[in-house]
Structure formats: structure tokens, C-alpha cells
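# Architecture and fold: a report
So the chains spell out like this:
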Amino acid sequence: MFAFAQFSDIHLGQDRGDGGARARERTERVLAYLAGLPGKLDAVLLTGDIADHGEEAEYALAAKLFADHGVLPLICPGNHDARGPYRSVLLNGDAADVSPVNQAHQLLGATFLMCDSSVPGKGHGYLDDATLTWLDQALAGAPDDKPAFVCFHHPPLALHGQYVDPIRQFGEERLAEVVGRHGNVAGLLCGHSHTPAVTTFAGLPLVAAPGVVSTLKMPWEGEEGGPIDYELPPVIAFHVYDDEGRLTTHFRVVPE
């Protein structure tokens, strides 16, 4: 059994008249919750929108909060992130390098492929040719008998949220072709939706993590006050991949 957590969309620096204090407090609440769990997790993922404006100071704050709480998540960029500062501050890379930020991690036999679905300057997502080639090669090089998880920010299909669907990941047929070639893909994990969602993509489980900074209201919940609810508490996902090859996801509200 392999158990890991996922959270998403912390948007550090988001200023709702509080200088960004609200986003920071909610992020710290999630990190403290994860750090205080009595049991051990095998990994923690953060699927994009780490910063709200893509500024170096926002990434420096993220790095500080991760270190302060002893939680070092596997990360990928979102549409609010900027590749240069993201790469420089969080990965000790070259700030002048604005190519896609793709990373492969192997933990206890499981492979996590953190893909960059961001399109600089745009809200929607797209996996460019270089990223798909990298993903194809990484899956080919991963163990056939161990799970591989393909992770990115933008969901590659409509989740029926009126606010996020127009800026989802497009060109998804190309992604489906790549993951369809590899039998070791155990699931796809994303963020961006600001609401927990579970569906399938290319015959595989696809789970969208809830947002930490806010929650998207679905059409049947009404839009009084706007489509985004800033009062609901943060929610995170716990994933379990078991010995039968089944991926199970549990969602938890993180209390104050």
C-alpha cells in the first residue's frame, strides 16, 4: 500500500484586503495538519498555483513555510505561477530558463511525473510537445510493475464548473495517446478546479484536488456573491494505491 496526500491552489500573495494574510494562514493550516498526522505519508503533492502573482517573494514565502513545517511537497506550476521565479526560488534553477518545468520523482517504487501544463501569460492549460515527449520517455523508463502517477495543474477535460471549464487543459487527445501507451499509469492528478472532483480520463482515474485558498461553487449551488466561496475551509485529498492496483481517494476538511 502506498499512501500520499495532495493539496492545491494555495495562491500565496492573494490579497483580499489583508496583505495576503488569509492565503498564508490557510496554507499554514494545511501544512500544520499534514505535519501533525500521527501516521506516515509516503509523499505529499502540491499541484500548482503556489503563487498568486508569480513573484519571487511569494515563492520565498512558500519555501519558508514548507521548511518551517517540515513538509516538502512534490510540485508543478499552475497558471498563476511564473516559470522563471518558480524555477529559481523553489528549484534553485536558472531564472532565465522559461522552458516548461517538468520533474520526475521516484519514491518507494512509485513514480510521480510532475508536468507543467501552464501557458505563460494565459489562464488555460496545454502540455506542449516537449513536455509530452518528456512524459512519454519518463513513463517508458519507469518500472512496469510499479505505479506511475501523471500530475499537472489543469484538468484535461470539463468538470462542469462554469468558471474553470473555459480555462481547462486543451489538446487532451495528445495526452490520452501518451498515457494509453503505458500500462504503468495508475492515475492522473490535477488541481485548478478549486473543488474536489473524481472522474476518468483515457480509461484511468483522474482526481482534481480541492483548492486551499477558495472553493468553486457548482452551477446548482447558485452564484450569489460570485462563483467562488472564500468562507468554506480548506480541503485536501488522501490517495491510497493498494496491492490490487486500485486507487482510492479520501477528502478531508482541514479545521481551524
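Our structure's up above, just so we're on the same page.
First, a word on what this report is: a plain description of the structure on this page. (Residues numbered from 1 in each chain as written. Predicted model: local features only at pLDDT ≥ 70, side-chain atom pairs only at ≥ 80, totals over all residues. Heavy atoms only, no water.)

## Some thoughts on the pattern of salt bridges
Worth spelling out the cut-off: Any carboxyl oxygen of Asp or Glu within 4 Å of a side-chain nitrogen of Lys or Arg constitutes a salt bridge here.
Under the criterion given, the structure shown has 12 salt bridges. In this structure, the salt-bridge partner of R168 is E172, at a minimum N-O distance of 3.2 Å. The salt bridge partner of D242 is R246, with a shortest N-O separation of 3.5 Å. Residues joined in a network through salt bridges with shared partners are D136, E177 and R181.

## Quick look at the packing of helix α1 (residues 21-35) against helix α2 (residues 56-69)
This is how the line gets drawn: Axes here refer to lines fitted to C-alpha atoms; in helices the fit is confined to the stretch in contact. Angles between the N-to-C directions go from 0 to 180 degrees. A run of H or I in DSSP counts as a helix once it spans at least four residues, and a run of E counts as a strand once it spans at least two, with each numbered from the N terminus. When describing relative orientation, an angle under 35 degrees is termed roughly parallel and one over 145 degrees roughly antiparallel, while 65 to 115 degrees is termed roughly perpendicular and anything else oblique. Each crossing is labelled by how the near helix is turned from the far one, with a counterclockwise turn of less than a right angle marking it left-handed and a clockwise turn marking it right-handed. Here a residue-residue contact requires only that any non-hydrogen atoms of the pair lie within 4.5 Å. Residues are grouped as follows: Ala, Val, Leu, Ile, Met, Phe, Trp, Tyr, Cys and Pro are nonpolar; Asp, Glu, Lys and Arg are charged; all remaining types, including Gly, are polar.
Closest axis-to-axis distance for the α1/α2 pair is 9 Å, and the angle between their directions is 30°. With respect to each other, α1 and α2 are oriented roughly parallel. Viewed along their axes, α1 and α2 form a crossing whose handedness is right-handed. Between α1 and α2, the residues in contact are R24, T27, E28, L31, A32 and A35 and L61, K64, L65, F66 and H69, respectively. Across the contact of α1 with α2, the residue classes break down as six nonpolar, two polar and three charged.

## Brief notes about the side chain of T111
We count it as follows: In the analysis that follows, any N or O atom pair within 3.5 Å is treated as a polar contact, provided that within protein one partner can donate a hydrogen and the other can accept it, and provided that, for residues neighboring in sequence, both atoms belong to side chains.
Along the chain, the position of T111 falls in strand β5 (residues 110-114). A distance of 3.2 Å separates polar atoms of two side chains, one belonging to T111 and the other to Q106. Those residues in contact with T111 that sit more than four places away from it in its chain are H105, Q106, A142, P143, P147, A148 and F149.

## Here's the deal with the nonpolar core
Operational definition: Put simply, buried Ala, Val, Leu, Ile, Met, Phe, Trp, Tyr and Cys residues joined by side-chain atoms within 4.5 Å make one nonpolar core. Buried, partly exposed and exposed residues are distinguished by accessible area as a fraction of the type maximum, computed with a 1.4 Å probe on protein chains only: under 20%, between the cut-offs, and over 50%, respectively.
Counting 25 residues, the largest nonpolar core has F7, L34 and I50 as its most contacted members. Of all elements in the fold, only β1 (2-7), α1, β2 (43-47), α2, α3 (83-91) and β14 (235-241) reach the threshold of two or more residues within this core. The biggest single contributor to this core is α2, with five residues. Ignoring any residue separated from it by four or fewer positions in sequence, one finds L34 in contact with A5, F7, L41, V44, V71, I236 and F238. The next biggest cluster of nonpolar side chains, apart from the first, holds 23 residues, and it includes A138, C190, F201 and L206.

## Remarks on the sheet that holds strand β3 (residues 74-76)
This is how the line gets drawn: A pair of strands is labelled paired if DSSP reports no fewer than 2 bridges between them.
With mixed pairing, the five strands of this open sheet are ordered in space as β3-β2-β1-β14-β15. Edge positions in the sheet fall to β3 and β15 (247-253), since each of these pairs with one other strand and no more. When the angles between neighbouring strand axes are averaged without regard to direction, this sheet yields 20°. Sheet topology note: the β14/β15 ladder contains seven bridges and is antiparallel. Residue pairing in the sheet places A237 in a bridge with F251 of β15. With respect to the sheet, α1 is in contact with β1, β2, β14 and β15, its orientation differing from that of β14 by roughly 35°.

## Some remarks on helix α4 (residues 129-141)
Let me state the cut-off plainly: A helix's residues, less one, multiplied by 1.5 Å, set its expected span. What the arc describes is the spread of directions from the helix axis to the C-beta atoms.
Compared with the 18 Å implied by 1.5 Å per residue over 13 residues, the 18 Å span of α4 between its first and last C-alpha is a close match. Among the residues of α4, T131, L132, L135, A138 and L139 are the ones counted as buried. Around the axis of α4, the buried residues are gathered within 130° of arc, so they sit on the same side. Away from its buried face by more than 90 degrees, α4 exposes D129, A130, Q137, A140 and G141. Buried residues belonging to α4 abut β5, β7 (148-151), α5 (172-180) and β9 (185-190).

As far as function goes, none of this settles anything; it's purely spatial.
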